[in-house]
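# Observations on the model geometry
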Amino acid sequence: MTDIAFRSAIALARAIRTREISSSELTAHYFARIDRLNGPINAIVAENRDAALARAREADAALARGDHWGALHGVPMTVKESYDVAGFRTTWGVPEFRNNHAQSDALAVQRLKAAGAIVMGKTNVPIRLADFQSYNEIYGTTGNPWDKDRTPGGSSGGSAAALAAGLTGFEMGSDIGGSIRNPAHFCGVFGHKPTWNLLPPRGHALPGTYAPPDISVIGPLARSAEDLALAVELLAKPDEIAARGLEVRLPRLDRPLSELSVAVWSDDPIAPVAEEVRERVIRVARALEDCGARVSHTARPEFTPAETHEIYQYLLQSTMAARLSDADYAAAQVAAARLAPDDIRAGAITARAAVLSFRDWSRRNQQRYRLRRQWAAFFEHFDVLLTPMMATAAFKHDHRPFGERTIQVNGETRSYFEQVFWAGLPGVAFLPATVIPTGPNDMGLPIGVQVVGPEYGDLLTIGVAERLERLGFAFAPPPGC
Amino acid sequence: LTLLIDLLRERAGIIASCARGQKAELKIAGVGVSLRRSTGFGGFVHAFKSATELRQWLRTGKVSARDLLETYLARIDRYNADINAVVWQDRETARKTADSIARDDPRPLAGIPMTVKESYDLAGAPTTWGIPALRNNIAQTDSVVVARLKEAGAVIFGKTNVPLSLADFQSFNDIYGTTNNPWNLARGPGGSSGGSAAALAAGLTGLEMGSDIGGSIRNPAHFCGVFGHKPTWALIPNRGQALPGVLVEPDIAVVGPLARSAVDLDLALDILAKSDALQSAIRYELPTLEGRTLGGLRIAVWANDDVAPVSRDCEAAVQAVARVCRDAGARVDTSARPSISAARIREIYMTLVSAELGGELDDAAFAATKAQAAALGADADGFDAQFLRGETIEHHAWLRLHNERERLRWSWHDFFRDWDVLLAPVASTPAFPHDHSGYFERTLLVDNSPRPYFEQIFWAGFVGVAHLPSTVIPASRSREGLPVGVQIIGPAYGDRVTIGVARLLEDAGFKFTPPPAYA
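Described below are features of the structure shown in this document. Numbering of residues starts from 1 in every chain and runs along the sequence as written. Chains carry letters from A onward and ligands carry numbers from 1 onward, assigned in written order. Owing to the predicted nature of the model, reporting of local features is limited to residues with pLDDT of at least 70; listing and counting of side-chain atom pairs is limited to 80 or more, with chain, interface and lining totals taken over all residues. In computing side-chain values, all of the structure's heavy atoms are included and hydrogens and water are not.

## Examining the overall build of chain A
Assigned secondary structure in chain A consists of 15 helices and 16 strands. Scaling as 2.2 N^0.38, a compact globule of 481 residues should have a C-alpha radius of gyration of about 23 Å, and chain A matches this with 21 Å. Reported as C-alpha extents along the three principal axes, the dimensions of chain A are approximately 70 × 55 × 50 Å. With a 1.4 Å probe rolled over the protein chains alone, any residue whose accessible area is under 20% of its type maximum counts as buried; one over 50% counts as exposed, and the rest are partly exposed. The 481 residues of chain A split such that 64% are buried. Secondary structure follows DSSP: runs of H or I at least 4 residues long count as helices, runs of E at least 2 residues long count as strands, and numbering of each begins at the N terminus. As a reference, a globule follows 2.2 Å times the number of residues to the power 0.38, and the radius of gyration itself is taken over C-alpha atoms.

## Comments concerning the overall build of chain B
Across its full length, chain B holds 15 helices and 18 strands. Relative to the compact-globule value of 24 Å for 519 residues, chain B shows a C-alpha radius of gyration of 22 Å, a close match. Sorting the 519 residues of chain B into buried and exposed places 63% on the buried side. Partitioning the intrachain contacts of chain B with sequence separation of at least 6 by distance along the chain shows that 75% fall at a separation of at least 24. Here, residues are in contact when the closest pair of their heavy atoms is within 4.5 Å.

## Here we look at the packing of helix H2 (residues 23–41) of chain A against helix H3 (residues 49–64) of chain A
Residues and elements named next belong to chain A. Put simply, H2 and H3 touch, their axes get as near as 7 Å, and they point 155° apart. Taken together, the axes of H2 and H3 are roughly antiparallel relative to one another. On H3, the residues that touch Ser23, Ser24, Thr27, Ala28, Phe31, Ile34 and Asp35 of H2 are Arg49, Ala52, Leu53, Ala56, Arg57, Ala59 and Asp60. Convention adopted: a line fitted to C-alpha atoms gives each axis, helices being fitted over their contacting stretch, and angles between N-to-C directions are expressed from 0 to 180 degrees. In what follows, roughly perpendicular refers to angles from 65 to 115 degrees, roughly parallel to angles under 35, roughly antiparallel to angles over 145, and oblique to any angle outside these ranges.

## Some words on the packing of helix H10 (residues 342–358) of chain B against helix H13 (residues 395–418) of chain B
Residue and element names in this part refer to chain B. Relative orientation of the contacting elements H10 and H13 amounts to 130°, with a least axis distance of 10 Å. Judged by the inter-axis angle, H10 sits oblique to H13. Between H10 and H13 the crossing geometry is left-handed. Facing H10, whose interface residues are Arg344, Ile345, Ile348, Thr351, Leu352 and Ala355, H13 presents Trp398, Leu401, His402, Glu404, Arg405 and Leu408. Following the grouping adopted for this structure description, the nonpolar residues are Ala, Val, Leu, Ile, Met, Phe, Trp, Tyr, Cys and Pro, the charged ones are Asp, Glu, Lys and Arg, and the polar ones are all others, Gly among them. Here the residues of the contact of H10 with H13 sort into seven nonpolar, two polar and three charged. For any pair of crossing helices, the crossing counts as left-handed if the nearer helix is rotated counterclockwise from the farther one by less than a right angle, and right-handed if it is rotated clockwise.

## Quick word on the sheet that holds strand S15 (residues 433–440) of chain A
Residue and element names in this part refer to chain A. The strand order across the open sheet built from eight strands is S6-S8-S7-S15-S16-S12-S10-S11, with neighbouring strands paired in mixed fashion. Of all the strands in the sheet, just strand S6 (171–175) and strand S11 (294–296) have a single pairing partner and so form its edges. Averaged over neighbouring strand pairs, the angle between their axes works out to 25° when direction is ignored. Strand pairing follows a simple DSSP-based rule, namely that at least 2 bridges must link the two strands. In this sheet, S11 lies alongside strand S10 (residues 261–264) in parallel orientation, the contact comprising three bridges. Looking across to S11, one finds that Val262 is bridged to Val295.

## Focus on the nonpolar core
Here, nonpolar core refers to any group of buried Ala, Val, Leu, Ile, Met, Phe, Trp, Tyr and Cys residues whose side-chain atoms link them within 4.5 Å. Core analysis: the biggest nonpolar cluster contains 300 residues, and Leu72 and Trp375 of chain A together with Leu149, Trp412 and Phe462 of chain B have the highest contact counts within it. If we ignore the near neighbours within four places in the chain, the residues touching Leu149 of chain B are Leu109, Met114, Val116, Ala154, Ile156, Met209 and Leu272 of chain B.

## Concerning the pattern of salt bridges
Every case where a carboxyl oxygen of Asp or Glu lies within 4 Å of a side-chain nitrogen of Lys or Arg is listed as a salt bridge. Taken as a whole and assessed by the stated rule, the structure comprises 55 salt bridges over all chains. With a shortest N-O distance of 2.7 Å, Arg400 of chain B and Asp326 of chain A are connected by a salt bridge. Here the residue Arg400 of chain B occupies a position in helix H13, and Asp326 of chain A occupies one in helix H11 (residues 326–338), the pair thus bridging two chains. Judged by its relative accessible area of 52%, Asp326 of chain A is exposed. Close ionic contact of Arg292 of chain B with Asp420 of chain B constitutes a salt bridge, the shortest N to O distance being 3.1 Å.

## Describing empty space enclosed by the protein
If a probe as big as a water molecule is rolled over the atoms, it shows which places are left empty. Lining residues are those with an atom within 4 Å of a point, where the points come from a 1 Å grid over the protein atoms alone and group into cavities, where a 1.4 Å probe fits but cannot get out, or pockets, open sets with protein on both sides within 12 Å along at least five of seven lines. Grid points are joined across faces, edges and corners, and a volume is the space filled by probe spheres set on the points. Under the definition given, this model contains two cavities of 30 Å³ or more. Of the voids in this model, the largest cavity is the one considered here, and its volume is about 40 Å³. What lines the largest cavity is Ile241 and Arg244 of chain A together with Arg409, Trp412, His413, Ala466, Leu468, Pro491 and Ala492 of chain B. For the lining of the largest cavity, the element with the highest residue contribution is H13 of chain B, accounting for three residues. In terms of residue class, the lining of the largest cavity is made up of six nonpolar, one polar and two charged. Every residue along the wall of the second largest cavity is listed here: Asn238, Arg239, Gln241, Ala242, Val246, Leu247, Val248, Glu249 and Pro250 of chain B.

## Section: the pairing of strand S12 (residues 384–388) of chain A
Residues and elements named next belong to chain A. By the criterion of burial, S12 is predominantly enclosed, with five of the five residues buried. Burial of the side chains of S12 extends over both faces: Val384, Leu386 and Pro388 are buried on one face and Leu385 and Thr387 on the other. As paired strands, S10 and S12 are joined by three bridges and run parallel to one another. For Ala263, the partnering residue across the bridge sits in S12 and is Leu385. Both S12 and strand S16 (residues 446–452) contribute to a ladder of four bridges, which runs antiparallel. When the bridges of S16 are listed, Leu385 appears paired with Val452.

## Looking at the sheet that holds strand S3 (residues 118–123) of chain A
All names here are of chain A. Taken in spatial order, the three strands of this open sheet run S1-S3-S2, and their pairing is mixed. For this open sheet the edge positions go to strand S1 (44–47) and strand S2 (76–80), each flanked by a neighbour on one side alone. This sheet shows a mean twist of 40° between the axes of neighbouring strands, independent of strand direction. Of the strand pairs in this sheet, S2 and S3 are connected by five bridges, and their pairing is parallel. Its bridge partner being in S3, Met77 is matched across the sheet by Val119.

## Thoughts on the environment of Pro491 of chain B
All names here are of chain B. Summarising the element assignment, Pro491 is placed in the loop between strand S18 (483–489) and helix H15 (495–507). Take Pro491: its relative accessible area is 8%, and that puts it in the buried class. For the pair Pro491 and Ala466, spaced 25 residues apart in sequence, the C-alpha separation works out to 9.3 Å.

## Here we look at the layout of surface pockets
All names here are of chain A. Approximately 1300 Å³ is the volume found for the second largest pocket. The wall of the second largest pocket is formed by 37 residues, among which Gln313, Leu316, Gln317, Thr350 and Phe417 lie closest to the centre. Looking at which element gives the most residues to the lining of the second largest pocket, the answer is helix H10 (residues 305–320), with eight residues. Its residues placed into classes, the lining of the second largest pocket shows 20 nonpolar, 10 polar and seven charged.

## Examining helix H1 (residues 9–17) of chain A
Note: α-helices contain 3.6 residues per turn, so residues at a spacing of three or four share the same orientation. Residues and elements named next belong to chain A. Residues of H1 that are buried: Ala9, Ala11, Leu12, Ala13, Ala15 and Ile16. At its buried positions, H1 is contacted by H2, H3 and helix H7 (225–235). One or two positions beyond H1, positive phi appears at Arg19, with a value near 65°.

## Quick look at unusual backbone geometry
For the bond from Gly154 of chain A to Ser155 of chain A, the omega torsion is 10°, close enough to zero to count as cis. Secondary-structure assignment places Ser155 of chain A in the loop between strand S5 (140–141) and helix H5 (157–164). Here the residue pair Gly191 of chain B and Ser192 of chain B is connected by a cis peptide bond, since its omega of 10° sits within 30 degrees of zero. As for its position among the elements, Ser192 of chain B is in the loop between strand S7 (177–178) and helix H6 (194–201). Residue Leu129 of chain A is not a glycine yet carries a positive backbone phi of 60°. Inspection of the secondary structure puts Leu129 of chain A in the loop between S3 and strand S4 (135–136).

Rendered as structure tokens:
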């Protein structure tokens with residue numbers, strides 16, 4: 001029988017509520033598994049065992065009194081290192097923030113705790129959350145539970161690896177270029193990148209940052225799509241400023257699969273994907289088609305892939321540049337000034353984007369708005385769009401400088417960052433995207449598929465993921481865990 | 001009794017309209033009511049009613065939509081030449097629309113004749129922002145606001161004047177000329193929604209929509225003695241109140257109503273405070289005063305500041321409003337301030353607003369501005385220097401200020417835990433004489449002390465940069481007899497609270513009165 005550690009967060013909450021297991025027992029069970037399995041995986045990089053166990057005992061005592069804290073009552077969970085949690089440090093893997101101890105909880109953490117969750121630790125990230133891998137000088141390298149020589153993805157690599165290895169009940173990550181979605185894909189779990197700014201990110205920040213960064217979002221990772229829906233319900237509420245005057249009412253998926261219209265974008269020359277990745281997108285589409293859904297493999301929004309990718313590159317790099325120090329920024333200015341005007345290589349765009357004037361940024365922002373309108377028109381005809389998440393399944397650890405890295409796609413050597421196209425496609429336009437597992441490949445490595453929806457269609461993409469989960473696109477534990 | 005007085009006024013209006021150019025006195029035997037009106041041909045008293053009252057008149061059949069429209073058109077024929085507030089009209093379409101409005105039309109603005117600021121797209125009308133190169137830019141579709149007003153039954157018959165690019169506290173441009181203040185034609189009506197406020201004050205329109213990035217709704221309301229509301233940022237979709245090709249909600253800038261009564265501001269919000277199509281999942285549930293009266297309020301007062309000194313008239317108006325609140329039993333505090341200094345707030349605002357304006361520059365203008373900014377001395381910190389640097393700021397530097405603005409928003413959030421509203425001046429002085437010299441050559445006399453013209457933008461900017469709502473009420477008259485307004489500022493999404501306080505103060509006597517020459 002499968003270990004209880006692999007159940008969904010909702011199933012764990014039910015097990016606690018029905019006294020199948022106590023919160024204390026479950027929390028201790030996860031700590032025992034961490035002791036046994038976390039070493040080579042190194043997903044969980046900070047813990048507060050005593051406090052977590054004490055809180056779990058309080059949860060049990062509360063339940064015994066008939067006091068129910070909320071939907072996650074007594075469920076042990078971890079969060080990405082980048083969230084502020086009182087009692088832990090927040091470093092983003094940056095050595096200079098080694099001693100940055102959080103004084104308070106991020107808003108999302110407050111809300112999860114208020115729903116009864118026991119936050120027992122934090123999970124690993126790449127430096128400044130900027131990689132498809134998760135290693136840094138403070139915490140070391142996280143391995144993929146399916147093959148420890150490979151990366152779990154990034155930047156929420158610790159989140160996905162901890163879930164896949166059954167070391168935690170639930171996880172919260174963040175995503176500006178696939179950072180929730182590519183680890184979900186690499187580790188065979190579910191992940192949801194919400195509509196931009198739907199989940200207030202306050203407290204998911206380095207010291208001094210108050211403004212929600214462009215494109216960037218926080219969102220859940222889990223072993224079941226139902227947990228993603230729960231996280232959205234708990235967290236898709238405005239922050240205290242906006243809560244004075246607005247609320248969000250997300251549409252739900254209230255139709256059978258037979259009434260859905262599904263668009264499929266399984267590959268593209270701008271960022272080619274491995275044949276096995278493309279085949280999984282087709283496989284999911286066929287499952288929906290078999291249920292009666294209308295499926296189009298040719299429908300595309302009105303813009304070209306090159307347009308959306310260029311807009312994304314400019315907006316992404318210019319928001320990432322906010323994380324640069326003054327010295328690094330000055331160096332970036334010098335590098336950009338040296339470029340020939342006709343140099344349109346990816347690296348040149350990156351360099352220019354980092355030092356955009358506000359006026360030029362505004363123009364890109366206008367272009368992004370046009371993309372949003374074009375997506376809205378597209379989603380008048382389709383409920384969701386299926387796409388790949390990354391070019392390949394998890395690749396082997398590669399700690400060379402960014403510029404030297406490449407990946408192998410269908411026997412060809414390709415640029416490491418090219419594949420960010422699939423993350424940026426919904427990301428730049430603020431769209432929600434849910435990644436579902438479709439099972440391991442021939443080498444035993446998971447492959448995920450991305451389900452994209454219209455702005456604020458979060459419960460639609462998660463709804464489709466839930467239906468697909470019931471059709472068999474479900475989490476399965478990696479061998480040896 | 002109200003009904004009777006209305007009836008009498010209506011009668012007086014009809015008589016007045018017959019007795020053109022004379023003073024009509026109407027005495028009703030046995031009632032003892034006497035109405036004295038200075039009357040021109042267009043001296044219909046209902047021209048100065050609020051849109052809410054006009055709706056009541058329409059609904060009860062006291063006046064038809066067509067007659068109401070004709071009232072304003074007749075007054076425009078008579079008075080607009082003086083004031084030049086209404087700069088474009090489509091009378092025939094408006095007449096057809098008015099004729100189609102049935103008396104029992106339930107829509108909230110059914111039959112209300114109104115105008116909008118020139119900067120809104122109104123299908124078939126030019127949208128130029130006073131820029132000569134856009135003289136032939138005829139809108140193909142309605143802005144979101146215009147579409148919603150039309151859907152609510154409004155009869156939009158014209159557009160009102162603006163300054164070039166909506167960037168001034170006056171309203172003149174090469175396309176439409178200069179708008180004058182109905183209280184004193186030698187003075188400006190304010191800007192950039194100067195035509196909006198002047199048209200309302202002179203009784204040339206029933207309701208108005210303006211826009212505001214640096215006081216452009218509030219300063220004309222103050223100068224012309226009408227009500228104006230700058231909403232919480234993005235509460236009312238800006239889309240279509242834009243230059244060609246601009247789709248994004250511009251930072252700080254908002255669209256909002258101007259009116260002759262605070263009640264109309266609430267009415268406008270009923271119709272307009274809904275998210276745009278892309279954000280249809282967002283529903284506004286704006287907090288209200290929930291029946292609280294002035295006596296139950298906590299009111300902070302910021303009547304003057306060294307960072308942008310205001311005249312005695314403007315400071316006194318704030319104090320007069322504060323006194324009425326205190327007398328009513330409100331808790332009033334004159335020392336409460338946000339946790340970030342006024343000087344720093346001004347710098348954040350000036351840079352972010354200049355950056356937003358710089359976004360509109362074409363390549364040549366941007367390059368020229370950048371060269372000018374580079375030529376500035378490191379210690380240059382005048383308004384011209386701030387503008388030049390802001391217009392050409394790097395996105396990297398903008399992000400840092402944006403982040404600081406976010407901290408400021410949280411600081412205001414804390415501030416408004418302790419206070420329901422904050423009272424402040426709108427500008428440094430009441431309406432000033434027309435001044436068409438170069439922006440940075442202008443000075444303003446503040447109680448005889450010359451000050452930089454743009455210094456006063458602080459009072460609009462500290463509110464706008466933090467995305468806060470602010471309602472302006474007509475509060476008093478200057479020593480020269482000009483209107484003086486006061487801002488009622490609230491927390492983000494506290495729009496119904498600031499308008500609610502404006503309504504209480506209107507009931508307490510801070511009302512619109514028509515300028516004598518056009519009453």
